[in-house]
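What the coordinates show
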Amino acid sequence: GRLNGKKRIKNAISVLRTIRIHKLLHPMKNKFSLLSIVILCVLSVGCDRQNDIFLYNHIEDGKWSKNRTLTFVFDSIPNKWSSHRVDIELSFSDLYPYQNLYLAVGRSLNDSVLHIDTLQFALADAGGKWLGSSAGRLHQITLPYLQHVRFDTGKTVRFTIRQAMIDDPLKGIEKVGIRISAE
C-alpha cells in the first residue's frame, strides 16, 4: 500500500543521487540511465493494482439464467495487506434492458458458513447514461461490495453470485467477476 510506495520513492531518490555522482564520469550513458530509472520508479509506484486478484466468469451469449450460480474460489489470499476490498466487476452490453441490477451474492470468508446478501446496483444514471467505462456497445463497471476485510492466510475464500432479476434469462450481461485488492 502506501508504505510500500513511500519506501519505493525513498529507494528511487537514493538511486537518483548515485546517478548524479556518476553523471560526471559518463554524461551520455547516464542520461539514458536516468531516464530509465525515472520511468521504472513511476511505473513501480503507479502499479499497486498488480497485487489485485481477479476471477471472472463468462456468461454464454450474454444470457444469464436464474438457475446459473457463478462460483469464485480463491485458494488463499496472501496476508501481506492488512485489509482488503472486494469488488464485483461487471461487463454488459447495450442489450441490458434496465437501469439497475439485483444480485444475490454469497460469501464464505474465514469460516465455512455461506452468508448471502441481496444487493442492488445502479448501472445507469437517471438520464439513462451507462455508468463506468464504455467501448462501443460494451460497458465495464466496478461495483463495491466489501471493505476492510481481513482474510486468514491459507484458507479458501468462496463467493457465489446469482442474478436476482425477474427476467429469465437476463440479457446483456457478458462477464461477472470478483476483484480482491489492498486498501
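Things to note about the overall build of the chain
When its secondary structure is counted, the chain shows two helices and eleven strands. Its helices and strands taken in sequence order, the chain reads α-α-β-β-β-β-β-β-β-β-β-β-β from the N to the C terminus. In the chain, which comprises 183 residues, the share counted as buried stands at 33%. Counted over contacts in the chain with a minimum sequence separation of 6, partners at least 24 positions apart contribute 75%. Total accessible area computed for the chain in this model is approximately 11300 Å², and 56% of it derives from carbon and sulfur atoms.

Quick word on the sheet that holds strand β5 (residues 100-108)
Reading across from one edge, β3-β9-β5-β6 is the order of the four strands in this open sheet, with antiparallel pairing throughout. Strand pairing shows two members of the sheet lacking a second neighbour, β3 (70-74) and β6 (115-122), which therefore form its edges. Across this sheet, the average inter-strand angle for adjacent strands is 20°, counted without regard to direction.

Considerations on the sheet that holds strand β7 (residues 133-135)
With respect to topology, five strands assemble into an open sheet ordered β1-β11-β4-β8-β7, the strand pairing being antiparallel. Strand pairing shows two members of the sheet lacking a second neighbour, β1 (53-58) and β7, which therefore form its edges. In this sheet, adjacent strand axes meet at a mean angle of 20° when their direction is disregarded. Both strand β4 (residues 84-93) and strand β11 (residues 173-182) contribute to a ladder of nine bridges, which runs antiparallel. Counted as the bridge partner of Phe 92 is Ile 173 from β11.

Considering the nonpolar core
Of all hydrophobic cores here, the largest spans 35 residues; its most connected members are Ile 88, Phe 159, Ile 173 and Val 176. Of the residues forming this core, the biggest block, five residues, is contributed by strand β8 (residues 138-149). Contacts of Ile 88, omitting those with residues within four sequence positions, involve Leu 103, Val 105, Phe 121, Ile 141, Thr 142, Leu 143, Tyr 145, Ile 161, Val 176, Gly 177 and Ile 178.

Overview of the packing of aromatic side chains
The description of an aromatic ring pair rests on the distance of the ring centres and on the angle between the ring planes. Going through the model one piece at a time under the given rule, you end up with seven aromatic pairs. Where Phe 92 meets Tyr 96, the ring centres are 6.2 Å apart and the plane angle is 70°; that geometry is what we call edge-to-face. Ring centres 5.9 Å apart and planes at 75° place the aromatic pair Tyr 96 and Tyr 98 in the edge-to-face group. Here a set of aromatic residues connected by ring pairs shows up, and it is made of Phe 92, Tyr 96, Tyr 98 and Trp 130.

Cut-offs used in this document
Residues numbered from 1 in each chain as written. Predicted model: local features only at pLDDT ≥ 70, side-chain atom pairs only at ≥ 80, totals over all residues. Heavy atoms only, no water. Helix = DSSP H or I, 4+ residues; strand = E, 2+ residues; numbered from the N terminus. Buried < 20%, exposed > 50% of the residue type's maximum accessible area, 1.4 Å probe, protein only. Contact = heavy atoms within 4.5 Å. Areas by Shrake-Rupley, 256 points an atom, 1.4 Å probe, with all protein chains shown as cover. Pairing = 2+ DSSP bridges. Axes fitted to C-alpha atoms, helices over the stretch in contact; angles between N-to-C directions. Core = buried A, V, L, I, M, F, W, Y, C linked by side-chain atoms within 4.5 Å. Phe/Tyr/Trp six-rings, centres within 6.5 Å; stacked < 30°, edge-to-face > 60°.

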